[in-house]
Amino acid sequence: NADRDALFDSLDKIEELDPEYAEDIQAIREKLEGVSECNSKILEYSQELNNEEAAKQAYDIYTNTYDPAFIEAADMIVALNEKIDQTAMSQENMVKSTRTISICIVIVILAVSLVLVIMFTGLMLRYILVPVKKLLDGSEALARGDFAKATVNYKSNDEFGDLAKKITSVMQ
């Protein structure tokens, strides 16, 4: 009885965790109740030690009812266990798949971010280096005394534009 109670407790916990198995669990309980009834009858007939007819009935119940029902109950429990294993494996595969997709998304986001940073850096460098190069060319021409080439062709409303205007005005 203690083993049966422990088994029923386990079945209750499984059913509580996932009601999807309720029908299978109920069928197992019913089968085990039938096995328990057979066991009680066998014990009842076994109490009559000198009654050969009772012993024969106990043996018939054991071979024709109890043993097949017990084997069927065990098979049902194994089938339930396999079902639970399949569900667990399916959920594990889903988690692995989700994790893989998440990692891919993170990698794509990082790659896109890296490309954007490189593009932004390139644009910023061009924005800074082109005017500086023109200013350097004009100031080098001025330093050489080549006033014909000592102009800075850069028009902008930023600091570089102001500096280009001032260098050009000095050169003229």
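The rules we used
Residues numbered from 1 in each chain as written. Predicted model: local features only at pLDDT ≥ 70, side-chain atom pairs only at ≥ 80, totals over all residues. Heavy atoms only, no water. Helix = DSSP H or I, 4+ residues; strand = E, 2+ residues; numbered from the N terminus. Rg over C-alpha atoms; globule rule 2.2 N^0.38 Å. Buried < 20%, exposed > 50% of the residue type's maximum accessible area, 1.4 Å probe, protein only. Contact = heavy atoms within 4.5 Å. Areas by Shrake-Rupley, 256 points an atom, 1.4 Å probe, with all protein chains shown as cover. Lys, Arg positive; Asp, Glu negative; His and termini not counted. Charge placed at Lys NZ, Arg CZ, Asp CG, Glu CD. Phe/Tyr/Trp six-rings, centres within 6.5 Å; stacked < 30°, edge-to-face > 60°.

Asker: So what exactly am I meant to see when it comes to the overall build of the protein chain here?
Answerer: Per the secondary structure count, the protein chain includes 4 helices and 0 strands. Reading the helices (α) and strands (β) of the protein chain from amino to carboxyl end gives α-α-α-α. Compactness check: the protein chain gives a C-alpha radius of gyration of 44 Å against a globular reference of 16 Å for 172 residues, more than 25% above the reference. Projecting the C-alpha coordinates of the protein chain onto the three principal axes gives extents of approximately 135 × 20 × 20 Å. The buried share among the 172 residues of the protein chain stands at 19%. Sequence-distant contacts in the protein chain: of pairs separated by 6 or more residues, those separated by 24 or more amount to 51%. Accessible area for the protein chain stands at about 13000 Å²; split by element, carbon and sulfur atoms hold 60% of it. Distance between charge centroids for the protein chain: 28 Å, based on 17 positive and 30 negative side chains.

Asker: I'm lost on the packing of aromatic side chains in this one. Help?
Answerer: Here a ring pair, both rings aromatic, is described through the centre-centre distance and the interplanar angle of the planes. If you walk through the whole model with that rule in mind, you get 2 aromatic pairs. Seen from their ring centres, Tyr66 and Phe70 are 5.9 Å apart, and the 20° between their planes marks the pair as stacked. With Tyr66 and Phe70 both in helix α3 (residues 52–144) and 4 residues apart, this pair spans about one turn of that helix. Taking relative accessible area as the criterion, Phe70 reaches 42% and is therefore assigned partly exposed. Each residue in the set Tyr62, Tyr66 and Phe70 is aromatic and connected to the rest through ring pairs, giving one cluster.

Such coordinate-based values are descriptive only and should not be taken to indicate function.
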